[in-house]
Amino acid sequence: MTDREDLANSRFSCTERDRAAFEAGIKMATIYHQFVGTPVNLHTVENLEYTIARTIEVQPYVKSAKVAIDRKAFINNGDTYSYVSLTGDMIDAVVVIALGSTEVKAEIRYDEELRYPLMFISEINQLG
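The model shown is predicted, which means the values in this text are computed figures rather than measured ones.

Conventions used here
- Residues numbered from 1 in each chain as written.
- Predicted model: local features only at pLDDT ≥ 70, side-chain atom pairs only at ≥ 80, totals over all residues.
- Heavy atoms only, no water.
- Helix = DSSP H or I, 4+ residues; strand = E, 2+ residues; numbered from the N terminus.
- Buried < 20%, exposed > 50% of the residue type's maximum accessible area, 1.4 Å probe, protein only.
- Contact = heavy atoms within 4.5 Å.
- Areas by Shrake-Rupley, 256 points an atom, 1.4 Å probe, with all protein chains shown as cover.
- Lys, Arg positive; Asp, Glu negative; His and termini not counted.
- Charge placed at Lys NZ, Arg CZ, Asp CG, Glu CD.
- Core = buried A, V, L, I, M, F, W, Y, C linked by side-chain atoms within 4.5 Å.

### Here we look at the overall build of the protein
Then comes step 1: If you tally the helices and strands in the protein, you get three helices and six strands.
Then comes step 2: Each helix and strand of the protein, placed in order from N terminus to C terminus, yields the pattern α-α-β-α-β-β-β-β-β.
Then comes step 3: Oriented by its inertia axes, the alpha-carbon framework of the protein measures out at about 55 × 35 × 25 Å.
Then comes step 4: Expressed as a percentage of its 128 residues, the buried residues of the protein come to 32%.
Then comes step 5: Looking at the protein alone, contacts between residues at least 24 apart form 55% of all its contacts between residues at least 6 apart.
Then comes step 6: When the accessible surface of the protein is totalled, it reaches about 8,100 Å², and 51% of it is carbon and sulfur.
Then comes step 7: In the protein, which carries 13 positive and 19 negative side-chain charges, the distance between the mean positions of the two groups comes to 2 Å.

### Describing the nonpolar core
Then comes step 1: Residues Ile31, Ile52, Ile69, Leu86, Val95 and Ile97 are the most contacted members of the largest nonpolar core, which totals 28 residues.
Then comes step 2: Among the secondary structure elements, those contributing two or more residues to this core are helix H2 (16-35), helix H3 (45-57), strand S2 (62-69), strand S4 (91-99) and strand S5 (102-111).
Then comes step 3: Ignoring anything within four residues of it in the chain, the contact list for Ile69 reads Val45, Leu48, Glu49, Phe74, Leu86 and Met90.

### Some details on the side chain of Glu49
Then comes step 1: Relative to the helices and strands, Glu49 is located in helix H3.
Then comes step 2: Ignoring sequence-local partners within four residues, the contact set of Glu49 consists of Val67, Ala68, Ile69 and Arg71.

### Considering the side chain of Thr30
Then comes step 1: Secondary-structure assignment places Thr30 in helix H2.
Then comes step 2: Given a relative accessible area of 17%, Thr30 falls into the buried group.
Then comes step 3: With residues up to four places along the chain from it excluded, the contact list for Thr30 reads Phe35, Ile56 and Gln59.

### Section: unusual backbone geometry
Then comes step 1: Non-glycine residue Tyr61 carries a positive phi angle of around 75°.
Then comes step 2: Structurally, Tyr61 can be placed in the loop between H3 and S2.
Then comes step 3: A positive phi is found at Arg115, a non-glycine position, where the angle reads about 55°.
Then comes step 4: Here Arg115 is to be found in the loop between S5 and strand S6 (116-126).

Here it is, written out as structure tokens:
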């Protein structure tokens, strides 16, 4: 551990597990609140998925990030005006946080029953 990491750790009054869940929540909120509203079309959607995942992966404790954008809203063979703004119900993302011996898997997925783009922790594991 570095001095900088020790200093950051000293700011938290919670368990490693709690902090890993907190970090996962930050990443979920970043995906949602930073990228909703982004203009996207069928020609740029793959690049946007890649960009969102890579920007999340540079944040602390991210082991992996995968983003998929639902393509139902896109117009095939559209013209210059045929783009949409990314909405929360289009985002399907999985982020894995590794902090110490704790690994947290968090997801964003549109929940049809709730009619809401739900962010949730789907798994927490203690490693080693």
